[in-house]
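Spelled out from the first residue to the last, the chains are:
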Amino acid sequence: NGPSVRPSHIPSIAPTESTPTVNPSTIPTTLPSENPTIPCMDDDSFTFILDIGNPQGCEWLTRNVDKIATRTENYCPRGHVKGGCKKSCDFCPCVDNAEYRITLDDGTEQGCQWLVSDALLSVFRIQDYCFADDGVSASVVGNECVLSCGFCL
């Protein structure tokens, strides 16, 4: 019994039986790809304010070979800088510090994920905890919770 040449107008009572193949197919299936990688690069449009008040882009961090170490040690620990200048700051992938705990007003401690765990409150939490008083620079929390604070550009 094989399949009919023309479809019937009446469905069959039982499905057609077939015998499984003895040998597997000769064409291997392709393995799933690994997780996509986000390129490690600086955001060309990102700027930050130097301690002396001047705005600079990521390229400033590594422009002068003699000053790279000093500049990256001074500015790259800042969450908004390492998030925008991932390549210059050697911060790939851009992630939160899994060990860091935020101490809330009631004394309880939460990890970085708490900042974004409630969609309705996340905007307020990020504004209250991630930014320094100037509203632009990262706070201590922002320096540790770079991804959750939204500094990964």
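Residues numbered from 1 in each chain as written. Predicted model: local features only at pLDDT ≥ 70, side-chain atom pairs only at ≥ 80, totals over all residues. Heavy atoms only, no water.

**A short note on the overall build of the protein chain**
Move 1: Counting its secondary structure elements, the protein chain contains five helices and four strands.
Move 2: The N-to-C order of helical and strand elements in the protein chain reads β-β-α-α-α-β-β-α-α.
Move 3: In the protein chain, of all internal contacts separated by at least 6 residues, the share reaching a separation of at least 24 is 48%.
Move 4: Within the structure as shown, the protein chain displays about 11500 Å² of accessible surface, and the carbon and sulfur contribution to it stands at 55%. (Helix = DSSP H or I, 4+ residues; strand = E, 2+ residues; numbered from the N terminus. Contact = heavy atoms within 4.5 Å. Areas by Shrake-Rupley, 256 points an atom, 1.4 Å probe, with all protein chains shown as cover.)

**Quick word on the nonpolar core**
Move 1: Formed by 28 residues in total, the largest nonpolar core has its most connected members in Phe48, Leu61, Cys85, Ile102, Leu115 and Cys145.
Move 2: Top element by residues in this core is helix H4 (residues 122-130). It accounts for three residues.
Move 3: When sequence neighbours within four positions are dropped, the list of residues in contact with Cys145 reads Asp96, Tyr100, Ile102, Cys112 and Leu115. (Core = buried A, V, L, I, M, F, W, Y, C linked by side-chain atoms within 4.5 Å. Buried < 20%, exposed > 50% of the residue type's maximum accessible area, 1.4 Å probe, protein only.)

**Quick look at the pattern of salt bridges**
Move 1: Tallied over the entire structure, the rule returns two salt bridges.
Move 2: The salt bridge involving Asp51 is made with Arg78; its shortest N-O contact spans 2.9 Å. In this pair, Asp51 is assigned in the loop between strand S1 (47-49) and strand S2 (55-57) and Arg78 in the loop between helix H2 (68-75) and helix H3 (79-84), connecting sequence segments 27 residues apart.
Move 3: Take Asp51: its relative accessible area is 52%, and that puts it in the exposed class. (Salt bridge = Lys/Arg side-chain N within 4 Å of Asp/Glu carboxyl O.)

**Quick word on H2**
Move 1: Regarding H2, the residues found buried are Arg71, Thr72 and Tyr75. End-on view of H2: buried residues confined to an arc of 90°, all on one side of the axis. Across H2 from its buried face, at more than 90 degrees, point the exposed residues Thr70 and Glu73. (Arc of directions from axis to C-beta.)

**Points about the state of the cysteines**
Here, disulfide denotes a covalent bond that connects the sulfur atoms of two cysteines.
Move 1: Tallying each qualifying case throughout the model produces six disulfides.
Move 2: Each sulfur in the disulfide pair Cys58 and Cys85 lies 2.0 Å from the other. Its S-S torsion of about -85° marks the bond between Cys58 and Cys85 as left-handed, since a negative value means left-handed. Of this pair, Cys58 sits in the loop between S2 and helix H1 (59-63) while Cys85 sits in the loop between H3 and strand S3 (102-103); the two residues are 27 residues apart in sequence, bridging distant segments of the chain.
Move 3: Here Cys58 falls in the buried class, since its relative accessible area comes to 3%.
Move 4: With a relative accessible area of 0%, Cys85 lands in the buried category.
Move 5: In this model, Cys112 is linked to Cys145 through a disulfide, with the two sulfur atoms separated by 2.0 Å. (Disulfide = S-S within 2.5 Å.)

**Some points on the environment of Ser137**
Move 1: By the element assignment, Ser137 lies in the loop between H4 and helix H5 (140-144).
Move 2: Residues Ser137 and Ile49, spaced 88 residues apart in sequence, show a C-alpha to C-alpha distance of 8.3 Å.
Move 3: Ignoring any residue separated from it by four or fewer positions in sequence, one finds Ser137 in contact with His80, Cys130, Phe131 and Ala132.

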